Amino acid sequence: MITYTASGEARRPGRIEVVCGSMFSGKTEELIRRLRRAQFAKQRVEIFKPAIDTRYSDEEVVSHDHNAIPSTPLDASGSILLLSGDIDVVGIDEAQFFDMGLVDVCNELANRGVRVIVAGLDMDFKGLPFGPMPALCAIADDVTKVHAICVKCGSLAYVSHRTVDNDRRVLLGETQEYEPLCRDCYQKAIKGAKSEKIQQ
């Protein structure tokens, strides 16, 4: 929403909103919901995602429930500033895959009066803070942590557990490669995997 100063100048309240959590927690769904509301309010919206994320679509942001919204795939966060002129709301999906420059980009946009909505994994499959997400949570005006349900016990999930034997930090995948687990079930899964390797 644009407000005006006493001299009639437009003043837009810039802010950073972060939606984070494990896989299958509804992060992208929430991002799309907020962006669609902004579009409905006739705000100028631009959406970006990392070019490497081609799981459902090369050019759309798509949730696990197959809701989609057009986006611009990018290799580097700096391009966001170049493509966000005269925009009210910027959406960024899968932010963990962007470089650390994304933090400064989001700050710059918010300082210009842009509402920035960022969605991403806060932790990788080892339960470690992922990419620029921790720093984005620190500078955000608002952080929403969403949760999947643990597939083992039904508690709130804590982390995205990788179910395939691959140690690369970035491995695009879905339910065949990852499962949401609570902290307790994740610890049991890690111990079980270690025991299997010792027995082999």
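Scroll up to find the structure this text is about.
Caption draft 1: Quick look at the packing of aromatic side chains. The tally for this structure, following the rule as stated, stands at 2 aromatic pairs. On the basis of an interplanar angle of 85° and a centroid distance of 6.0 Å, the ring pair of F97 and F130 is categorised as edge-to-face. Taken together, the positions of F97 in the loop between β8 (89-92) and α3 (102-111) and F130 in the loop between β9 (115-121) and α4 (133-139) put the pair 33 residues apart, joining distant regions of the chain. Side by side, F97 and F130 carry an identical accessibility label, which is buried.

Caption draft 2: Molecular detail of the pattern of salt bridges. The final tally for this structure, using the stated rule, is 10 salt bridges. The closest approach of N and O atoms between R44 and D86, which form a salt bridge, is 3.0 Å. Of the two residues, R44 is situated in the loop between α1 (27-40) and β4 (45-50) and D86 in the loop between α2 (78-82) and β8; the sequence distance between them amounts to 42 residues. Here R44 falls in the partly exposed class, since its relative accessible area comes to 35%. The exposure class of D86 is exposed, given its relative accessible area of 58%. D122 is the salt-bridge partner of K145, the closest N and O atoms lying 2.7 Å from each other.

Caption draft 3: Up close: the nonpolar core. I80, I92, V118 and L136 are the most contacted members of the largest nonpolar core, which totals 23 residues. Sorting the residues of this core by element identifies β3 (15-21), β8, α3, β9 and α4 as the ones contributing at least two each. The greatest single-element share of this core, amounting to 6 residues, is contributed by α3. Excluding residues within four positions of it along the chain, L136 makes contact with V18, A95, L102, V103, C106 and V118. Membership of the second largest hydrophobic core comes to 12 residues, among which are V19, I32, A38 and V146.

Caption draft 4: Examining α1 more closely. With 14 residues, α1 should reach 20 Å at 1.5 Å per residue; the first-to-last C-alpha distance of 20 Å fits that figure. Residues of α1 that are buried include every one of K27, T28, E30, L31, I32, R34, L35 and A38, and no others. Positive backbone phi, at 65°, marks K42, one or two positions downstream of α1.

Caption draft 5: Quick look at the state of the cysteines. Under the defined criterion, the tally for this structure stands at 0 disulfides. C153 takes part in no disulfide bond, and the closest cysteine sulfur, belonging to C182, lies 3.7 Å away.

Caption draft 6: View of α3. Those residues of α3 that fall on the buried side of the exposure criterion are L102, V103, V105, C106, L109 and A110. The arc enclosing the buried residues of α3, seen along the axis, measures out at 165°, which places them on a common side. Residues of α3 that are exposed and angled more than 90 degrees away from the buried face: D104 and N111. Residue G113 follows α3 closely and has a positive phi angle near 100°.

Caption draft 7: Local environment of the pairing of β4. Along β4, 5 of the 6 residues are buried, which leaves the element largely enclosed by surrounding structure. In the sheet, β4 pairs with β8 via 4 bridges, with the strands oriented parallel. Its bridge partner lying in β8, F48 is registered against I92. Two elements, β4 and strand β7 (residues 72-74), share 3 bridges in a ladder whose sense is parallel. Its bridge partner being in β7, K49 is matched across the sheet by P73.

Caption draft 8: Highlighting unusual backbone geometry. Here K42, not a glycine, exhibits a phi torsion of approximately 65°, which is positive. With respect to the helices, strands and loops of the structure, K42 is situated in the loop between α1 and β4. Residue K42 is classed as exposed on the basis of its relative accessible area, which comes to 72%. The backbone phi angle of D86 is positive, close to 60°, even though this residue is not glycine.

Conventions and cut-offs
Residues numbered from 1 in each chain as written. Predicted model: local features only at pLDDT ≥ 70, side-chain atom pairs only at ≥ 80, totals over all residues. Heavy atoms only, no water. Phe/Tyr/Trp six-rings, centres within 6.5 Å; stacked < 30°, edge-to-face > 60°. Helix = DSSP H or I, 4+ residues; strand = E, 2+ residues; numbered from the N terminus. Buried < 20%, exposed > 50% of the residue type's maximum accessible area, 1.4 Å probe, protein only. Salt bridge = Lys/Arg side-chain N within 4 Å of Asp/Glu carboxyl O. Core = buried A, V, L, I, M, F, W, Y, C linked by side-chain atoms within 4.5 Å. Contact = heavy atoms within 4.5 Å. Expected span 1.5 Å × (residues − 1). Disulfide = S-S within 2.5 Å. Arc of directions from axis to C-beta. Pairing = 2+ DSSP bridges.

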